[in-house]
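Chain by chain, the residues:
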Amino acid sequence: MPTFSNPVLAGSHPDPSICRVGEDFYLVTSSFAYYPGIPVLHSRDLVGWQPLGHVVDRPSQVSLTGLDVSDGLWAATIRHHEGTFYVVVALARGRQGSTTYLFTAPDPAGPWSDPVVLEAEGIDPSLFFDDDGRCWFTACRDAAEPEVTGPGELWMRELDLDRLALTGPTHALWYGAMRGAWVEAPHLYKRDGVYHLIGAEGGTGRHHAVTAARADAVTGPYSTDPRSPLLTHRHRGAAEPIHHVGHVDLVDTPAGETWAVALGVRPLDGTHTLGREVFLVPIEWTADGPVFAPDTGRVTLSERLPAGVGAGTMASAVGPVRDDFVGTALGPEWSSLRGPVGHLVSTGPGEGGLTIRLAPEPLTGAGTPAFVARRQQHLRMRARARVRFTATAPTQEAGLVVFQHAHHATLALTADASGTPHVVLTAHESGSPTRLGAVAVTSDEVVLVVDSDESGYTFHVQEGTWTTLGSIERPFFSTERAGGFVGVHLGLYGIGGADAGEAHVHWFEYAPAR
């Protein structure tokens, strides 16, 4: 039987949501404080995905200034109705929902509209278009009587599609199957006249689980599916290659099958660095409701292809890539923090390369540093960049960074107190720097290199010959150590005071390693 490899989207792509229009599938994921926000991807087969753009690509749409890396745009939902695409998303501050936005577009590639603010509280908003054309908004919030019902509540109001505003009464739908756990990630589906409300419980860590309820009317009452949890790996042992499974969204294919996109992580020795990734899971509908992964009851690294998909189809694996920065804009794989980086200049045709204008904002701050990065998508990989920079003081630095929420490591061209050029490796743990190695160099242009494997990250500089400056154990960059909701990003940066100069990146390479 032809198979594909899970995950179909590797590296930090949490909270997937999916819809289909004809032969085309569209998917969005959380982006937190990274900018542009809410990536949109396209597929014709559910397995291979290509980036289309982002919902939030203008600072005027949403302000991310001042937010923690793991706050920002959480758990968007994408839907399509009568020629219009809709995306709803919550903006989180201090790990709580603060504002709910609705975006629309006739083309998922954009441009997307400026947002409409909905009168909604909580997080994880979703939309459901019923057979009669009415649209229903669902989300999760704190329950009014947690000691009676449990801590979380899934709730609903109607969305007026003409005014793009919530209207009518609020309906409390469900408090989850596990009354001591928060229920979140609501999505609603209708099958043979029955409404199926799918949620997630147990947090986004090891105890994550998919649970469900059903009703004969869209506004309820909903009764818990007694089979809950319908999908979880919380009962699996440490040898299980995939954990934290949950937060699903379902889609029907043109061939009549149903599949789910789910988040999961691939831990090693109890910690993971790549973040929450997108896994594809088959669904079988029965009289009792959806059955996830009917043949195995679990998410697997190898899965049968969807019906009608050719055997040559591959998941969205990232092979060796090289960016010479010859365009007028960075590609969709690159992100900055909290807004567009005014400190970057792509030089265009000719010499190519990326110019980084050093900025005083530190990588640990809440502003927009001179920093761009892309997701790490392989445990074993090598990232390299050829960087030219002349520092005049130790406070000026530019180079490579391995960035993961509260922890990061920099491999930077800088200068010592006498002005002699050096390459310095520094580990930053919750804002506290520790110098791990340094070497004097004879040129202001070097190749900076980081290797990653099961044991950790090793940093090198190439200036004619190779010099290894040091290594950092892999768990240092894990979510379990660094915190937050994101995975490792590999980036380029520059830090310095006013008029600190510019660094030039000739090229950047990323390659998986065997």
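Structural data are supplied above this passage.
Just so it is clear, the structure is predicted and the values come from calculations on it, not from any experiment. (Residues numbered from 1 in each chain as written. Predicted model: local features only at pLDDT ≥ 70, side-chain atom pairs only at ≥ 80, totals over all residues. Heavy atoms only, no water.)

On inspection of all chains with the given rule, the structure shows 13 aromatic pairs. Centre to centre, the rings of tyrosine 26 and phenylalanine 85 are 5.2 Å apart; their planes meet at 80°, and the pair counts as edge-to-face. Highlighted residues: tyrosine 26 in strand S3 (residues 24-28) and phenylalanine 85 in strand S8 (residues 84-93), separated in sequence by 59 residues. Using a relative accessible area of 4% as the deciding quantity, one classes phenylalanine 85 as buried. Seen from their ring centres, tryptophan 74 and phenylalanine 485 are 5.6 Å apart, and the 80° between their planes marks the pair as edge-to-face. Of this pair, tryptophan 74 sits in strand S7 (residues 72-81) while phenylalanine 485 sits in the loop between helix H2 (479-482) and strand S38 (489-495), and the two are 411 residues apart along the sequence. With a relative accessible area of 25%, phenylalanine 485 lands in the partly exposed category. In this structure an aromatic cluster arises from ring pairing among Phe32, Trp74 and Phe485. Between the NZ or CZ atom of arginine 374 and the centre of the ring of tyrosine 510, over which it lies, the distance is 5.4 Å. (Phe/Tyr/Trp six-rings, centres within 6.5 Å; stacked < 30°, edge-to-face > 60°. Helix = DSSP H or I, 4+ residues; strand = E, 2+ residues; numbered from the N terminus. Buried < 20%, exposed > 50% of the residue type's maximum accessible area, 1.4 Å probe, protein only. Lys NZ or Arg CZ within 6 Å of the ring centre and 35° of its normal.)

This part is about the side chain of glutamine 376. Secondary-structure assignment places glutamine 376 in the loop between strand S29 (370-375) and strand S30 (381-388). By relative accessible area, which is 0% here, glutamine 376 ends up buried. Side-chain polar atoms of glutamine 376 contact the side chain of serine 452, separated by 3.2 Å. What glutamine 376 contacts, discounting residues up to four positions off in sequence, is Gly11, Leu274, Met381, Ser452, Tyr457, Val488, His489, Leu490 and Tyr510. (Polar contact = N/O pair within 3.5 Å; in protein donor to acceptor, adjacent residues only side chain to side chain. Contact = heavy atoms within 4.5 Å.)

Moving on, we come to the sheet that holds strand S6 (residues 50-56). What the 4 strands build is an open sheet, ordered S2-S3-S5-S6; its pairing is antiparallel. Edge strands, defined here as strands with exactly one partner in the open sheet, are strand S2 (17-21) and S6. If you compare each strand with its neighbour and ignore which way they point, the axes differ by 25° on average. By the bridge criterion, 4 bridges tie S3 to strand S5 (residues 37-43) in an arrangement that is antiparallel. Bridge pairing links phenylalanine 25 to serine 43 in S5. (Pairing = 2+ DSSP bridges. Axes fitted to C-alpha atoms, helices over the stretch in contact; angles between N-to-C directions.)

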